[in-house]
Amino acid sequence: MKSLAAALLIVAASTAHAGDILYTPNQANGAIVLTDVQGRCPARTQAYYTTDAFGQVASGGCWVYSNPWVYARNWDGNSHQYLIDNFIVTDYAKAKSQN
């Protein structure tokens, strides 16, 4: 768990991150960022993280997509669902889809 938290902090330290594929603003004036990294998540799910208004990682967990919803479960066990239409595709994901 500590290694994941450290990795998320490193990821949040720069503005563009390899692995970040979608993001949407959150209520903390930060973002919910979906990645294509599995990390410690179960099969067929990927890691996500949230940031606060200062760009610091606030939480994280695993996510899965089932049209039209993104289902996310925080490491603390809380679950959330978001409409996929609310997310913005990152430049990384656009470039990756062209390969």
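It should be emphasised that the depicted structure is a prediction, and the values quoted were computed from it without experimental measurement.

Asks: Even after reading the chapter, I still don't get the overall build of the protein, so can you show me in this structure?
Replies: On a plain count of helices and strands, the protein comes out with two helices and seven strands. Across the protein, helices and strands are ordered from the amino to the carboxyl terminus as α-β-β-β-β-β-β-β-α. When burial is assessed residue by residue, the protein has 35% of its 99 residues classed as buried. Accessible area for the protein stands at about 6300 Å²; split by element, carbon and sulfur atoms hold 56% of it.

Asks: Mind showing me how you'd approach unusual backbone geometry here?
Replies: Excluding glycine, a negative phi dihedral is what most residues carry, and trans is how most peptide bonds are arranged. For the bond running from N67 to P68, omega is 5 degrees, close enough to zero to count as cis. As for its position among the elements, P68 is in the loop between β4 (57-66) and β5 (69-74). At N29, a residue that is not glycine, the phi angle is positive and equals roughly 60 degrees. Despite not being glycine, R44 shows a phi value in the positive range, around 65 degrees. Tracing the chain through its elements places R44 in the loop between β2 (31-35) and β3 (46-51).

Asks: Which parts of the structure should I look at to understand the environment of V70?
Replies: Within the secondary structure, V70 sits in strand β5. A relative accessible area of 0% means that V70 is categorised as buried. With twelve residues separating them in the primary sequence, V70 and Y82 have C-alpha atoms 5.1 Å apart. Each residue touching V70, except ones within four places of it in the same chain, is listed here: L34, W63, V64, Y65, H80, Q81, Y82, I84 and F87.

Asks: How should the pairing of strand β1 (residues 20-25) be read in this particular structure?
Replies: Put simply, side chains in a regular strand alternate between the two faces of the sheet. The sheet contact formed by β1 and β2 spans five bridges and is antiparallel. Paired with P25 across the two strands is A31, which belongs to β2. With antiparallel pairing between neighbouring strands as the criterion, β1 and β2 make up a hairpin whose turn holds five residues, including N29 at a positive phi of roughly 60 degrees. Pairing of β1 with strand β7 (residues 88-89), which is carried by two bridges, proceeds in the antiparallel orientation. Bridge pairing links Y23 to I88 in β7.

Cut-offs used in this document
- Residues numbered from 1 in each chain as written.
- Predicted model: local features only at pLDDT ≥ 70, side-chain atom pairs only at ≥ 80, totals over all residues.
- Heavy atoms only, no water.
- Helix = DSSP H or I, 4+ residues; strand = E, 2+ residues; numbered from the N terminus.
- Buried < 20%, exposed > 50% of the residue type's maximum accessible area, 1.4 Å probe, protein only.
- Areas by Shrake-Rupley, 256 points an atom, 1.4 Å probe, with all protein chains shown as cover.
- Contact = heavy atoms within 4.5 Å.
- Pairing = 2+ DSSP bridges.

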